[in-house]
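# Summary of structural features
The chain contents come next:
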Amino acid sequence: MLQTRLIAPAENAHPAPLLIKRLLLSGIRYEKTREIVYRDQLRYSYATLNERIARLANVLTEAGVKAGDTVAVMDWDSHRYLECMFAIPMIGAVLHTINIRLSADQILYTMNHADDKFVLVNSEFVPLYQSIEGQLTTVEKTILLTDTADKTAELGGLVGEYETLLAAASPTYEFADFDENSVATTFYTTGTTGNPKGVYFTHRQLVLHTMAMASTVSALDSIRLMGNADVYMPITPMFHVHAWGVPYVATMLGVKQVYPGRYEPELLMKLIQQEKVTFSHCVPTILQMLMNTPSAKGHDFGGLRMIIGGSALNRALYEAAKATGIQLTAAYGMSETCPLISCAYINEELLAGSEDERTAYRIKAGVPVPLVEAAIMNSEGKLLPNDGEAQGELVLRAPWLTQGYFREPQKSEELWEHGWLHTGDVAAIDDMGFIEIRDRIKDVIKTGGEWISSLELEDLISRHPAVREVAVVGVADPQWGERPFALLVLRDGQSLDAKGLKEHLKPFVDQGSINKWAIPSQIALVTEVPKTSVGKLDKKRIRLDIAQWLAAGSAFLSTV
Ligand code: AMP
């Protein structure tokens, strides 16, 4: 350690620890009458939001929640979830955002592993909760969340219904100061193998993440995404990395916020139009779903800006969205990283270039945001140059990365090998700082000694006019090790076979963008591509499905 100068503070100086409660101070000061909207059912002001957070803190404290306890939430994206994102950590407890899209067994595992003591359950998930209740080892009390008139449910340890409890609680609460390194939130990420792994974030981390994200979305002129006169609606579940942390940013800035509950495409469309939503974010498949909904056809979305993250943004989706008036910007992150790591930034050099070139940069994984260090590492732990060519694992350092996996010392050490967080993504970084994700390490296709990026191939295939959705995986091949296999969903009334796809890809081989082994010799035309719990392509399921089809010689396979 360097011997630096440390000066003892005045005895009565206030250190203002970086606590989530501090994020609540400014929004209400700026715009106390600005609204929080829930579906087409409810709207209230920032003044009411602050009051409800205090009421919730009183309800939880009276129910017995103590600092250090874990309080879990099972809900869709709602104003109540937003209140939990503040009130639970603000009383020193840990918010566990349960991924309600996991299987009942996985949810049970995560709840026992996280030591959940209290659970807030949306009435829609009561049957699911009841199915695992008997095996929960740490839960003591529950609170019911409901939009219906029925305020009762058969839940063990039921304290009461949320709104009834809030109405009876005091509207003020003295939130105490505590160590900013206290854990504020936790949730679980599912890998390709093994049990879900728990990541966790402290108050300090979430506050710093909020500040960095605010400066990214609000201050960069060439990609300005959200100012505080914008209207924000997440289309990323709040259980998926706190809806990417944007609700904290929006609340700090006093932005009007719209929470859509369960994602129903027609309701999303209605909210976008009626509430005049101007900023949102989601994974590519959800955007595709939104754009395919009947009322989106021919609709002018002009003025809507969206961050696309969680998976690669391909050019076809970027162009299709642009044609409807939606401006997309790619960002990169993962559960382990809180999540924001990088976001497209169009510098002066790119602004002076062509629109086509700018698009190529808007869809890359972006430039690391303030306070983030990103590097490329080879398998010996050596850092490689940022020349856009050298390819290796993307590794990271930032103040808000999970410091390990909860109760998984070995996996934690692997995550942090050589003192950098390992992403499991193969990438290159160019001299402008742009990260280009080539593939997940596990998804790279190795054929005849060559490496093929499944992401690049998906991007090129998606440019075929007949293709609505595509997923590419490697399948075992006795001669080549692996060969790419493409799963396609075609647009209505269109047709395509493996030969047609080969003709589409041939020019890219001739230009040298891909090698000839990248052309899939087999494709399957399907009506839907399997998705993960957060709406990404589920490559694990896809590989299993393909293995079965190949074994059974299914008729819908097309081969060249
Ligand atoms: P998760 O932890 O489920 O959010 O998944 C994180 C992973 O999503 C990353 O490790 C990447 O493989 C992928 N990912 C996220 N953002 C992007 C992006 N902009 N481009 C390509 N892959 C991405």
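Residues numbered from 1 in each chain as written. Predicted model: local features only at pLDDT ≥ 70, side-chain atom pairs only at ≥ 80, totals over all residues. Heavy atoms only, no water.

## Structural notes on the overall build of the protein
Short version of the rule: Each helix is a run of H or I in the DSSP string that is no shorter than four residues. Each strand is a run of E no shorter than two, and both are numbered from the N terminus. Atoms counted for the radius of gyration: C-alpha only. Globule rule: 2.2 Å times the number of residues to the power 0.38. Throughout this description, buried means an accessible area under 20% of the type-specific maximum (1.4 Å probe, protein chains only), exposed means over 50%, and partly exposed covers the range between. Contact definition: two residues touch when any of their heavy atoms are within 4.5 Å. We get accessible surface area from the Shrake-Rupley algorithm with a probe of 1.4 Å; when it comes to residues, only the shown protein chains can shield them. In summary, the charge assignment counts Lys and Arg as positive and Asp and Glu as negative, without counting His or the chain termini. In plain terms, the charge of a residue is placed at NZ if it is Lys, CZ if Arg, CG if Asp and CD if Glu.
Looking only at helices and strands, the protein features 18 helices and 27 strands. Since a compact globule built from 560 residues should have a radius of gyration of about 24 Å, the 24 Å found for the protein is in line with a globular shape. With 560 residues in all, the protein has 56% of them scored as buried. Taking the intrachain contacts of the protein between residues at least 6 apart in sequence as the baseline, contacts between residues at least 24 apart amount to 68%. Just so you have it, the protein exposes about 23,800 Å², and 51% of that area is on carbon and sulfur atoms. For the protein, the separation between the mean place of its 52 positive charges and that of its 67 negative charges on side chains is 2 Å.

## Points about the packing of helix α11 (residues 284-292) against helix α12 (residues 315-323)
Angle between the axes and distance between the axes: these two values describe a pair of packed helices. We count it as follows: The axes are straight lines fitted to the C-alpha atoms, using for helices just the contacting stretch, and the angles between their N-to-C directions are given from 0 to 180°. Roughly parallel covers angles under 35 degrees, roughly antiparallel covers those over 145, roughly perpendicular covers 65 to 115, and oblique covers all other angles. Take the far helix as the reference: if the near one is turned anticlockwise from it by less than a right angle, the crossing is left-handed, and if turned clockwise, right-handed. Three residue categories are used. Nonpolar comprises Ala, Val, Leu, Ile, Met, Phe, Trp, Tyr, Cys and Pro, charged comprises Asp, Glu, Lys and Arg, and polar comprises the others, including Gly.
Packing of α11 against α12 leaves a shortest axis separation of 11 Å and a crossing angle of 40°. Taken together, the axes of α11 and α12 lie oblique to each other. Handedness of the crossing formed by α11 with α12: left-handed. On the side of α11, the interface is formed by Pro 284, Leu 287, Gln 288 and Met 291, while α12 contributes Leu 317, Ala 320 and Ala 321. Of the residues contributing to the contact of α11 with α12, the split by class is six nonpolar, one polar and no charged.

## Quick look at the site of the ligand
Test applied: Definition of nearness: a residue and a molecule or strand are near each other if at least one heavy atom of the residue lies within 4 Å of the molecule or strand. Any pair of nitrogen or oxygen atoms within 3.5 Å is treated as a polar contact; in protein, a donor-acceptor pairing is required on top of that, and neighbouring residues in sequence qualify only through side-chain atoms on both sides.
Close to the ligand lie 14 residues; Ala 331, Ser 335, Asp 425, Arg 440 and Lys 536 are nearest. Gly 310 places a polar main-chain atom, nitrogen or oxygen, 3.1 Å from an oxygen atom of the ligand. Asp 425 places a side-chain nitrogen or oxygen 2.6 Å from an oxygen atom of the ligand. Burial of the ligand by the protein chains amounts to 87% of its free accessible area of 500 Å². Sorting the residues of the shell around the ligand by element identifies β14 (327-333), β20 (421-429) and β21 (435-440) as the ones contributing at least two each. Partitioning the shell around the ligand into residue classes produces five nonpolar, six polar and three charged.

## Overview of the sheet that holds strand β10 (residues 231-234)
Our working definition: Each pair of strands is called paired provided DSSP finds at least two bridges between the two strands.
Across the sheet, nine strands lie side by side as β2-β1-β11-β10-β12-β13-β14-β15-β16; this open sheet has mixed pairing. Each of the sheet's edge strands pairs with one partner strand only, and the pair in question is β2 (42-45) and β16 (367-368). Docked against the sheet, helix α2 (residues 46-63) engages β1 (35-38), β2 and β11 (256-259), running at close to 90° with respect to β2. This element, helix α7 (residues 203-219), spans β12 (279-282), β13 (305-308) and β15 (340-343) of the sheet and lies at about 10° to β15.

## Quick word on the side chain of His 422
Within the secondary structure, His 422 is located in strand β20. According to the relative accessible area criterion, His 422 is buried, its value standing at 12%. In terms of polar contacts, His 422 uses its side chain to reach the backbone carbonyl oxygen of Glu 417, at 2.9 Å.

## Overview of the nonpolar core
Soluble globular proteins tend to pack their nonpolar side chains together in the buried interior. Stated formally: Take the buried Ala, Val, Leu, Ile, Met, Phe, Trp, Tyr and Cys residues and link them wherever side-chain atoms come within 4.5 Å; each set so joined is a nonpolar core. Residue ranges for the domains originate in an automatic or database domain assignment.
Counting 148 residues, the largest nonpolar core has Met 226 and Leu 287 as its most contacted members. Two domains each put at least three residues into this core: domain 1 (20-202) and domain 2 (203-370). Ranked by size, the runner-up nonpolar core spans 22 residues in total, among them Ala 466, Val 470, Ala 498 and Val 509.

## Remarks on helix α10 (residues 265-274)
Residues of α10 that are buried: Leu 267, Leu 268, Met 269, Leu 271 and Ile 272. Where the residues of α10 are buried, they touch β10, β11 and α11. Where α10 ends, the next residue or the one after it, Lys 276, has phi of about 60°, a positive value.

## Looking at a negative patch on the surface
Counted only if it meets this: The residues that make up patches have over 30% relative accessible area and no salt bridge, and they are joined within 9 Å when like-charged or within 5 Å when they are Val, Leu, Ile, Met, Phe, Trp or Tyr. Salt bridge criterion: a side-chain nitrogen from Lys or Arg within 4 Å of a carboxyl oxygen from Asp or Glu.
A contiguous patch of negative charge on the surface is contributed by Glu 349, Glu 357, Asp 387, Glu 389 and Asp 431. Mapped onto the fold, Glu 357 is located in helix α14 (residues 355-362).

## Notes on the domain arrangement of the protein
Domain annotation of the protein identifies domain 1 (20-202), domain 2 (203-370) and domain 3 (444-559). A straight line from the C-alpha centre of domain 1 to that of domain 3 covers 41 Å.

## Some thoughts on unusual backbone geometry
Cis geometry is found at the peptide bond from Cys 338 to Pro 339, where omega equals 10°. With respect to the helices, strands and loops of the structure, Pro 339 is situated in the loop between β14 and β15. Even without being a glycine, Ala 16 presents a positive backbone phi close to 45°. Along the chain, the position of Ala 16 falls in the segment before α1 (24-30).

## Observations concerning α14
Counted only if it meets this: Regarding the arc, it is the one traced by the directions from the helix axis to the C-beta atoms.
Here α14 has its buried residues at Arg 358, Thr 359, Tyr 361 and Arg 362. The buried residues of α14 occupy an angular sector of 165° when projected down its axis, which confines them to one face. Against α12, β14 and α13 (348-351) lie the buried residues of α14.

## Examining the state of the cysteines
Worth spelling out the cut-off: We call a pair of cysteine sulfur atoms a disulfide when they lie within 2.5 Å.
Using the criterion set out here, one finds zero disulfides in the structure. The cysteine Cys 282 is free of any disulfide, with Cys 343 supplying the nearest cysteine sulfur at 14 Å. The exposure class assigned to Cys 282 is buried, which follows from its relative accessible area of 0%. Counting only cysteine sulfurs, Cys 343 is the nearest neighbor of Cys 338, a cysteine outside any disulfide, at a range of 15 Å.

## Remarks on the packing of α12 against α14
Contact geometry of α12 with α14 gives a least axis separation of 10 Å together with a crossing angle of 115°. Viewed along their axes, α12 and α14 form a crossing whose handedness is right-handed. On α14, the residues that touch Arg 315, Tyr 318, Glu 319 and Lys 322 of α12 are Glu 355, Asp 356, Thr 359, Ala 360 and Arg 362. In the contact of α12 with α14, the residues fall into two nonpolar, one polar and six charged.

## Focus on the sheet that holds strand β18 (residues 383-384)
One open sheet accounts for five strands, arranged β18-β17-β19-β20-β21; its pairing is antiparallel. Looking at which strands have only one partner, the edges of the open sheet turn out to be β18 and β21. Pairing between β20 and β21: five bridges, direction antiparallel. Paired with Ala 427 across the two strands is Ile 437, which belongs to β21.

## Quick word on the side chain of Lys 197
One can find Lys 197 in strand β9 (residues 197-202). The buried charged residue Lys 197 lacks any salt bridge partner; its closest oppositely charged side chain belongs to Glu 336, at an N-O distance of 5.3 Å. The residues touching Lys 197, leaving out its near neighbours within four places in the chain, are Phe 187, Tyr 188, Thr 189, Tyr 405 and Lys 411.

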